[in-house]
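Listed below are the residues making up each chain.
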Amino acid sequence: MAKIKTRFAPSPTGYLHIGGARTALYSWLYARRHGGHFVLRIEDTDRERSTQESVNVILEGMSWLGLDYDEGPFYQTERFDRYRELTQRLLDEGLAYRCYCSKERLDALRQEQMANKQKPRYDGRCRDLTEPPEGAGEPVIRFRNPLDGEVVVEDRVRGRVVFRNSELDDLIIARADGTPTYNFTVVVDDMDMGITHVVRGDDHLNNTPRQVNLYRALGVEPPVFAHVPMILGEDGKRLSKRHGAVSVLQYRDQGYLPEAVLNYLVRLGWSHGDQEVFTLDEMVSLFDLEDINHSASTFNPQKLLWLNQQHIMRAEPAHVARYLAHHLGERDIDPADGPPLEAVVAAQQERAKTLVEMAENSLFFYRDPADYEPKAARKNLKPETEAALVRVRDLLSELEDWRPEAIHECVLKAAEVLELKLGKVAQPVRVAVSGGPVSPPIDQTLALLGKEATLRRIQAAIDWIDRQAAG
RNA sequence: UGGGAGGUCGUCUAACGGUAGGACGGCGGACUCUGGAUCCGCUGGUGGAGGUUCGAGUCCUCCCCUCCCAGCCA
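All values reported here derive from a predicted model rather than from experimental measurement.

Chemist: Quick question: what am I supposed to make of the protein's contact with RNA strand B here?
Modeler: In the vicinity of RNA strand B lie 63 residues, with T45, P120, K237, E357 and P441 positioned nearest. Counted by atom, the contact set of RNA strand B within 4 Å of the protein is 69% sugar and phosphate. One of the backbone N or O atoms of I442 is found 2.7 Å from a base nitrogen in RNA strand B. Elements with a minimum of two residues in the surface near RNA strand B: α4 (103–115), β7 (159–164), β12 (297–298), α10 (301–314), α13 (355–362), α17 (422–434) and α18 (442–449). When its residues are assigned to classes, the surface near RNA strand B shows 19 nonpolar, 21 polar and 23 charged.

Chemist: Looking at this model, I keep getting lost on the nonpolar core. Mind explaining?
Modeler: Side chains of nonpolar character tend, in soluble globular proteins, to be buried together. If you look at the biggest cluster of nonpolar residues, it comprises 54 residues, and the most contacted ones within it are L328, L381, L389, L396, L446 and I458. Once residues lying within four places of it in the same chain are set aside, the contact partners of I458 are L389, V392, R393, L396, V429, A432 and V433. In this structure, V57, Y75, V248 and L268 belong to the second largest nonpolar core, which totals 52 residues.

Chemist: What is the right way to read the packing of helix α15 (residues 383–397) against α17 from this model?
Modeler: Axes are the key here: two packed helices are described by the angle between their axes and the distance separating the axes. Contact pair α15 / α17: the axes reach a minimum separation of 9 Å and the direction vectors enclose 80 degrees. Accordingly, the angle class assigned to the pair α15 and α17 is roughly perpendicular. Contact residues: T385, A388, L389 and V392 in α15; K424, V425, P428, V429 and A432 in α17. Looking at the contact of α15 with α17, its residues break down into seven nonpolar, one polar and one charged.

Chemist: How should the packing of helix α16 (residues 404–418) against α18 be read in this particular structure?
Modeler: Interaxial distance between α16 and α18 falls to 8 Å at its minimum, and their mutual angle equals 120 degrees. Here α16 lies oblique to α18, going by the angle between them. Two packed elements cross with a definite hand, and for α16 against α18 that hand is right-handed. Residues P404, I407 and H408 of α16 form the contact with α18, whose own contacting residues are D443, L446 and A447. When its residues are assigned to classes, the contact of α16 with α18 shows four nonpolar, one polar and one charged.

Chemist: I keep staring at the domain arrangement of chain A and nothing clicks. Help me out?
Modeler: The assigned domain composition of chain A is domain 1 (5–76 + 183–228), domain 2 (81–179) and domain 3 (369–470). Taking the mean C-alpha position of each, domain 2 and domain 3 sit 78 Å from one another.

Chemist: Where do I start with the environment of L214 in this structure?
Modeler: On the secondary structure map, L214 appears in helix α6 (residues 208–217). For the pair L214 and L95, spaced 119 residues apart in the sequence, the C-alpha separation amounts to 9.4 Å.

Chemist: I would appreciate a short explanation of a positive patch on the surface in the present structure.
Modeler: A contiguous patch of positive charge on the surface is contributed by K375, R378, K379, K421 and K424. Ranked by residue count, the leading element in the positive patch is helix α14 (residues 374–380), at three residues. Checked against the element boundaries, K424 lands in helix α17.

Chemist: I would appreciate a short explanation of the environment of I407 in the present structure.
Modeler: Mapped onto the elements of the fold, I407 is located in helix α16. Residue I407 is classed as buried on the basis of its relative accessible area, which comes to 0%. With 230 residues separating them along the chain, I407 and D177 place their C-alpha atoms 77 Å apart. Apart from the residues lying within four places of it in its own chain, the contact partners of I407 are L396, L399, W402, D443, L446 and A447.

Chemist: Which parts of the structure should I look at to understand the packing of aromatic side chains?
Modeler: Centre-to-centre distance and the angle between the planes together describe a pair of aromatic rings. Going through the model one piece at a time under the given rule, you end up with nine aromatic pairs. With a centroid separation of 5.7 Å and an interplanar angle of 35 degrees, the aromatic rings of W270 and F287 are classed as tilted. Of this pair, W270 sits in the loop between α8 (258–267) and α9 (280–286) while F287 sits in the loop between α9 and β12, and the two are 17 residues apart along the sequence. Summarising the burial analysis for this pair, W270 and F287 share the class buried.

Chemist: I tried to follow the pattern of salt bridges on my own but got confused; where do I start?
Modeler: Under the criterion given, the structure shown has 37 salt bridges. Where D368 meets R457, a salt bridge forms, and the shortest distance between an N and an O atom there is 2.9 Å. On the criterion of sequence distance, the pair formed by D368 in the loop between α13 and α14 and R457 in helix α19 (residues 451–470) is long-range, its members being 89 residues apart. On the basis of relative accessible area, R457 is assigned to the buried category, the value being 5%. Here R456 ties to E452 by a salt bridge, and the two come within 2.6 Å at their closest N and O atoms. You can see R456 and its partner E452 sitting in helix α19, four residues apart, about one turn around the helix.

Chemist: Got a minute to help me understand the UniProt feature "short sequence motif: 'HIGH' region" in chain A in this structure?
Modeler: Sites flagged by UniProt as "short sequence motif: 'HIGH' region" map to residues 10–20. Secondary structure over residues 10–20 splits into 27% helix and 0% strand, and the C-alpha atoms at its two ends are 7 Å apart.

Thresholds, definitions, all that
Residues numbered from 1 in each chain as written. Chains lettered and ligands numbered in written order. Predicted model: local features only at pLDDT ≥ 70, side-chain atom pairs only at ≥ 80, totals over all residues. Heavy atoms only, no water. Near = heavy atom within 4 Å. Polar contact = N/O pair within 3.5 Å; in protein donor to acceptor, adjacent residues only side chain to side chain. Helix = DSSP H or I, 4+ residues; strand = E, 2+ residues; numbered from the N terminus. Nonpolar A, V, L, I, M, F, W, Y, C, P; charged D, E, K, R; others polar. Core = buried A, V, L, I, M, F, W, Y, C linked by side-chain atoms within 4.5 Å. Buried < 20%, exposed > 50% of the residue type's maximum accessible area, 1.4 Å probe, protein only. Contact = heavy atoms within 4.5 Å. Axes fitted to C-alpha atoms, helices over the stretch in contact; angles between N-to-C directions. Parallel < 35°, antiparallel > 145°, perpendicular 65-115°, else oblique. Left-handed = near helix turned anticlockwise from the far one by under 90°. Domains from an automatic or database assignment. Patch = residues over 30% accessible without salt bridge, like charges linked within 9 Å, V, L, I, M, F, W, Y side chains within 5 Å. Areas by Shrake-Rupley, 256 points an atom, 1.4 Å probe, with all protein chains shown as cover. Salt bridge = Lys/Arg side-chain N within 4 Å of Asp/Glu carboxyl O. Lys, Arg positive; Asp, Glu negative; His and termini not counted. Charge placed at Lys NZ, Arg CZ, Asp CG, Glu CD. Phe/Tyr/Trp six-rings, centres within 6.5 Å; stacked < 30°, edge-to-face > 60°. UniProt positions renumbered as here; feature names shortened; annotations may be inferred.

Here is the structure:
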């Protein structure tokens, strides 16, 4: 039995699409599950639309997701000699032929066929030519597809799918300028690279019989196919930019953890009982092609957000800290300018759904708030709460042991003395030091902030109240 | 038009031919620092019509709806 080998073969014409990422994930998981290899191939034969920038985005996206490949990246544009070689071989063996039909003729043929309620396809006009017709231009090269019989595909997701050769036509394998076409290159590459399993979107299901016939003509067995349903937008159409963020790197920038994105993607079309949250190790050990669903799924941003929250909460603080540092950096914050980043993460993990949110809500640990959230200030920074702030300030200024437990005692004591509920004391303090109504528990918040900043900010809030009162 | 693939709560998904359940979302409640955390409750579904069967989401037939392919894009 050959070693299992899967591949991900995007075309570099934009960004790493969420749907492509899921295909890559399923391919990667299958290879990892079975101790095989995962190959990255860049299908860049469309010279007009392929860009180096897009290649970079794909590589960056794969890296961020952690989908490491064992071989590649391979570029099809670097393999043109090989495609030419095999094209020539098929010509020599009579398995391919030159076609001189103009695009105009083919267009007219297509329209005529549609009008006659037939399937639009090449009619084989040049199939048996022995010489070029008069006034012929540069020919394309077509594959001599079998005319009868069936192609049976035992798809790992779809099951048995049968196509009749009479429904297919002689596809173009090389253009007039000599460049190869998709259905040909994909077969040659998968053959040469020893790909055993092709996991891809089911938009290619109907290309499969053509490719199988090519494998046979080249004298090799086709790989196993697993065609994965599309991901749709809310309107039931293919997921596209008009639905919202579809690029993997956009989710990175919005504060998602890669493992949360992977978790969402694996569950969008695959399941293991009722389990929702998976670690990468669990995915690797549980994933299998046969558990992939048959129907297309609709992308649900809310569930992705919930999963991101779950992963942030469950992760080691050190792990989250690495990603948070990047988002703080984007806000010109140096994590070294405040409390230990891991401690900040540990305190904030339950309070943020994304890393962007966590970064925003953690700014006050690193610099004084520019201003107070208006509603929170109205409610908590007023003459009636000033006494609480003064009392807490005084008690804390005498505190030597700056730890959560001791801080909590001071806040409790202030509440006792003033005969207030704890919340009536803690919330003004919270607003004073953080600028808003939400932060980690007040004792943890102050412990992390440090004594100096705490006292300074409480004092600033007291002064602010006085200024407001003075009109 | 021809061919191919699908159809379970709003969304994702589970259910050997034998109790339609879980999660997200939405609504409500509880939680003596804020809650964006936690706990509890409610809501809500097998596209339609026949057939087979003691029994069907599950098998069969027809209808309806959706997606995909038919670029010398991939």
